Protein chains: 2
Amino acid sequence: MTDIRIRSKIWLEINDRPFLGGGRLRLLRAIAATGSINAASQQLGISYRKAWSQVQEMEKHGIPMVEREKGGSGGGRSVITPQARELLSKFDDVQEGLHQVIDEKFDQVFKA
Amino acid sequence: MTDIRIRSKIWLEINDRPFLGGGRLRLLRAIAATGSINAASQQLGISYRKAWSQVQEMEKHGIPMVEREKGGSGGGRSVITPQARELLSKFDDVQEGLHQVIDEKFDQVFKA
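About the criteria used
Residues numbered from 1 in each chain as written. Chains lettered and ligands numbered in written order. Predicted model: local features only at pLDDT ≥ 70, side-chain atom pairs only at ≥ 80, totals over all residues. Heavy atoms only, no water. Contact = heavy atoms within 4.5 Å. Buried area = accessible area lost by both parts, 1.4 Å probe. Salt bridge = Lys/Arg side-chain N within 4 Å of Asp/Glu carboxyl O. Polar contact = N/O pair within 3.5 Å; in protein donor to acceptor, adjacent residues only side chain to side chain. Helix = DSSP H or I, 4+ residues; strand = E, 2+ residues; numbered from the N terminus. Nonpolar A, V, L, I, M, F, W, Y, C, P; charged D, E, K, R; others polar. Pairing = 2+ DSSP bridges. Axes fitted to C-alpha atoms, helices over the stretch in contact; angles between N-to-C directions. Buried < 20%, exposed > 50% of the residue type's maximum accessible area, 1.4 Å probe, protein only. Least-squares fit on C-alpha atoms with pLDDT ≥ 70 in both. Expected span 1.5 Å × (residues − 1). Arc of directions from axis to C-beta.

Before going further, it helps to spend a moment on the interface of chain B and chain A. Every contact between the two is made by 30 residues of chain B and, on the other side, 30 residues of chain A. Here chain B packs against chain A, burying approximately 2,900 Å² in sum over the two surfaces, 70% of which is carbon and sulfur. Of all residues in chain B, the largest losses of buried area upon contact with chain A belong to Arg 7, Trp 11 and Phe 110 of chain B, amounting jointly to 19% of the total for that side. Where chain B packs against chain A, one counts 4 salt bridges. Note that Arg 7 of chain B is salt-bridged to Glu 13 of chain A, the shortest N-O span being 3.3 Å. The interface formed by chain B and chain A includes 7 residue pairs in polar contact (both at pLDDT 80 or more). The set of elements that each furnish at least two residues to the side of chain B that touches chain A consists of strand 1 (4-14), helix 4 (82-95) and helix 5 (98-110) of chain B. The leading source of residues in the side of chain B that touches chain A is strand 1 of chain B, at 11 residues. Tallied by class, the residues present in the side of chain B that touches chain A amount to 18 nonpolar, 2 polar and 10 charged. Of the pairings in the sheet, the one linking strand 1 (residues 4-14) of chain A to strand 1 of chain B comprises 11 bridges and is antiparallel in character.

The next subject is the sheet that holds strand 1 of chain A. Strand order in the open sheet formed by 4 strands is 2(A)-1(A)-1(B)-2(B), and the pairing between neighbours is antiparallel. The outermost strands of the open sheet, each flanked by one partner alone, are strand 2 (17-20) of chain A together with strand 2 (17-20) of chain B. Looking at each pair of strands side by side, their axes are set apart by 60 degrees on average, direction ignored. Inspection of the sheet shows strand 1 of chain B paired to strand 2 of chain B by 3 bridges, in the antiparallel sense. The partner of Ile 14 of chain B across the bridge, within strand 2 of chain B, is Arg 17 of chain B. Along the sheet, helix 5 (residues 98-110) of chain A makes contact with strand 1 of chain A together with strand 1 of chain B, crossing strand 1 of chain A at roughly 140 degrees.

Okay, the pattern of salt bridges next. Enumeration over the complete set of coordinates arrives at 16 salt bridges over all chains. When the shortest N-O distance is used, the salt bridge between Lys 60 of chain A and Glu 57 of chain A registers 3.0 Å. Glu 57 of chain A sits in the partly exposed class, given a relative accessible area of 27%. Between Glu 86 of chain B and Lys 90 of chain B there is a salt bridge, and its shortest N-O distance comes to 3.0 Å. In this pair, Glu 86 of chain B and Lys 90 of chain B both sit in helix 4, 4 residues apart, roughly one turn of the helix.

Right, let's talk about the relation of the copies chain B and chain A for a bit. Aligned on chain A, chain B shows an RMSD of 0.0 Å; the corresponding rotation is 180 degrees and the shift along the axis is 0.0 Å. In short, the pair behaves as if placed about a two-fold rotation axis. Of the C-alpha atoms belonging to chain B, the one lying closest to the rotation axis is found on Lys 9 of chain B, 2.7 Å away. A share of 100% of the interface residues of chain B reappears at the interface of chain A, consistent with the copies meeting face to face through the same patch.

Moving on, we come to helix 3 (residues 48-59) of chain B. All names here are of chain B. In a regular helix each residue adds 1.5 Å, so 12 residues correspond to 16 Å; helix 3 covers 17 Å between its end C-alpha atoms and thus fits that length. Among all positions of helix 3, only Ala 51, Gln 54, Val 55 and Met 58 are buried. Angular distribution of buried residues about the axis of helix 3 spans 100 degrees; they occupy a single face of the element. Close packing links the buried residues of helix 3 with strand 2, helix 1 (22-34), helix 2 (37-44) and strand 3 (66-68).

Residues and elements named next belong to chain B. Take Val 79: it is sitting in strand 4 (residues 78-80). Separated by 44 residues in the primary sequence, Val 79 and Gly 35 have C-alpha atoms spaced 5.6 Å apart. Setting aside anything within four residues of it in sequence, one finds Val 79 in contact with Met 65, Val 66, Glu 67 and Glu 69.

Structure (structure tokens):
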């Protein structure tokens, strides 16, 4: 039992429905980095359709997350909204330190 | 954004492979409560086959988790091993208090 480890995952829910967690966080960060839902979906190895539906699922809760700028040659660019940017930053703040707390609690109990 | 909440999940891995988390914990507790893999699987609404394969997956890591007593009328009983009992208890110890730490961190960041 020497190589037993604890893993953890946190996510946000609104009205008891998934709002923001692993996959959607990666998607928002990829859109922010690439400036395009299409490029982001390719980077993550998911279909454009899936990426698009994830954005729509998030926005169902009434918080705009991605702004699509239509037109231009090669299609429109997409950027994440200030609200999405704030949520990403707050999520990081919550996550920071938590893994350490969890690891410490685990060591206390399992390696005592 | 008033009804936004944080959710969390912890699980154990051995050699980077899932060992013990939500579904398997419920299964072990149900076996402990009912004294039978069959009754436990019915209680959880999963097939006997699935319950059995979950036990086998856990035991692949070399820790005996469930002891099957063969024979008797109506088939053998099953009990969880002392090792499994200890793991369940330690898991509870780790989990206890963690949700509170996570909620506090969330409130600090999101409701400040």
